[in-house]
Amino acid sequence: MTADHARHRTPEELEAALDHIRQAPADHGTLKLIVRRPAVDEREVLDTGMLSLDEGLVGDTWNRRGSSKTPDGGPLLDAQLNIMNARAAAAVAGPIERWALAGDQLYIDLDISLETLPAGTQLAIGEAVIEVTAEPHTGCGKFSRRFGLDALRFVNSPIGRALNLRGINARVIRSGPVHTGDAVTRLS
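Residues numbered from 1 in each chain as written. Predicted model: local features only at pLDDT ≥ 70, side-chain atom pairs only at ≥ 80, totals over all residues. Heavy atoms only, no water.

**Q** Looking at this model, I keep getting lost on helix α6 (residues 149–156). Mind explaining?
**A** Every α-helix winds through 3.6 residues per turn, so residues three or four apart in the chain are directed the same way. Regarding α6, the residues found buried are A151, L152, F154 and V155. Angularly, the buried residues of α6 cover 160° about the axis, an arc narrow enough to put them on a single face. Along its buried surface, α6 packs onto α1 (11–16), α2 (18–22), α3 (86–93), α5 (141–147) and α7 (158–162). (Buried < 20%, exposed > 50% of the residue type's maximum accessible area, 1.4 Å probe, protein only. Helix = DSSP H or I, 4+ residues; strand = E, 2+ residues; numbered from the N terminus. Arc of directions from axis to C-beta. Contact = heavy atoms within 4.5 Å.)

And the structure:
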């Protein structure tokens, strides 16, 4: 999947989406999209994925990506999974076919705000359980190129940070399969 040059959302369009984003369910949501990243800038949309303690989303390149935040330069466990609110993805990217460009693996219709899902919160998705980490997930240059500078400013604004509009990071704490349409349930 490559970035197309669809029209970027205006600041007014992004602001208008806030009420809908805020209406996402707090405790029981739905897995809307699973995306594996087999190589840099490549995306595979999956109906079913396997979440693994060691690999994150099996077949994704998370475990081959180094991090300056680890002592050995290896992958950062606290960023094993990148998760975005489906309503925020729709506000920024438009149709679901463009959501994968954001680079996250899981897109869920659930309130992922700091208040609702602080670090340590556990979520059941399918047969797997994941735990939200404190590692920040912020927009970058790629995000800006794909969705525009206004979208980057929107997700990194004070309200964008409070609502985690760019997304959250998590790690797998119980392996298992996940399917598009699975319930996402807040456990703690």
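Right, picking up where we left off after that structure.
**Q** I would appreciate a short explanation of the pairing of strand β6 (residues 106–109) in the present structure.
**A** The two faces of the sheet receive side chains in turn, since in a regular strand these alternate between them. Of the two faces of β6, both are covered, the one formed by L106 and I108 as well as the one formed by Y107 and D109. Relative to β6, strand β1 (residues 28–36) is paired through four bridges, and the arrangement is antiparallel. Paired with I34 across the strands is L106, a residue of β6. Sheet topology places strand β5 (residues 81–85) next to β6; three bridges connect them, and they run parallel. Pairing of N85 across the sheet is with I108, part of β6. (Pairing = 2+ DSSP bridges.)

**Q** Honestly, the environment of V184 in this entry has me stumped. Any pointers?
**A** Tracing the sequence through the fold places V184 in strand β11 (residues 183–186). Along the sequence, V184 and T116 sit 68 residues apart, while their C-alpha atoms lie 14 Å from each other. Setting aside anything within four residues of it in sequence, one finds V184 in contact with D27, H28, G29, T30, L31, I108, L110, L123, A124 and I125.

**Q** I would appreciate a short explanation of the side chain of S52 in the present structure.
**A** Of note, S52 is situated in strand β3 (residues 48–52). Take S52: its relative accessible area is 13%, and that puts it in the buried class. Looking at S52, its side chain comes within polar contact range of the main-chain nitrogen of E55, at 3.2 Å. The residues contacting S52, other than those within four sequence positions of it, are V58, Q80, V172 and S175. (Polar contact = N/O pair within 3.5 Å; in protein donor to acceptor, adjacent residues only side chain to side chain.)

**Q** What exactly am I supposed to notice about the layout of surface pockets here?
**A** Here the idea is plain: a probe the size of a water molecule rolls over the atoms and shows the empty space left. Roughly 730 Å³ of volume is contained in the largest pocket. R37, R65, A79, N82 and H137 are, among the 28 residues lining the largest pocket, the residues nearest its centre. Per-element tally for the lining of the largest pocket: the top contributor is α5, with three residues. Of the residues in the lining of the largest pocket, the class split is 11 nonpolar, eight polar and nine charged. The calculated volume of the second largest pocket comes to roughly 220 Å³. Forming the walls of the second largest pocket are 21 residues, and the residues nearest its centre are L114, P136, H137, N164 and G167. Among the secondary structure elements, those contributing two or more residues to the lining of the second largest pocket are α6, α7 and β9 (168–174). Tallied by class, the residues present in the lining of the second largest pocket amount to 10 nonpolar, eight polar and three charged. (1 Å grid on protein atoms, 1.4 Å probe; cavity = no way out; pocket = protein on both sides within 12 Å on 5 of 7 lines; lining within 4 Å. Points joined across faces, edges and corners; volume = space filled by probe spheres on them. Nonpolar A, V, L, I, M, F, W, Y, C, P; charged D, E, K, R; others polar.)

**Q** Explain the pattern of salt bridges to me, please; I cannot follow it from the model alone.
**A** Side chains carrying opposite charge are able to pair once their charged atoms draw close together. In the structure shown here, the tally under the stated rule is 11 salt bridges. As a salt-bridge pair, E13 and R7 come within 3.0 Å of each other at their nearest N and O atoms. When its relative accessible area of 32% is taken as the criterion, E13 is described as partly exposed. For E131, the salt bridge identified is with R171, shortest N-O distance 3.0 Å. In this pair, E131 sits in strand β8 (residues 128–132) while R171 sits in strand β9, placing the two residues 40 residues apart along the sequence. In this structure R171 comes out as partly exposed when scored by relative accessible area, which is 24%. One connected set of salt bridges, linked through shared partners, spans D41, K142 and R146. (Salt bridge = Lys/Arg side-chain N within 4 Å of Asp/Glu carboxyl O.)

**Q** Can you walk me through the sheet that holds strand β10 (residues 176–179) in this structure?
**A** Pairing between the strands of a sheet comes from backbone hydrogen bonds, and it takes one of two forms, parallel or antiparallel. A sheet is described by the order of its strands in space; here three strands give the open sequence β4-β3-β10, paired in antiparallel fashion. Here the strands that pair on one side only, and so sit at the sheet edges, are β4 (56–57) and β10. In terms of strand pairing, β3 meets β4 through two bridges, oriented antiparallel. Bridge pairing in β4 places L51 opposite L57.

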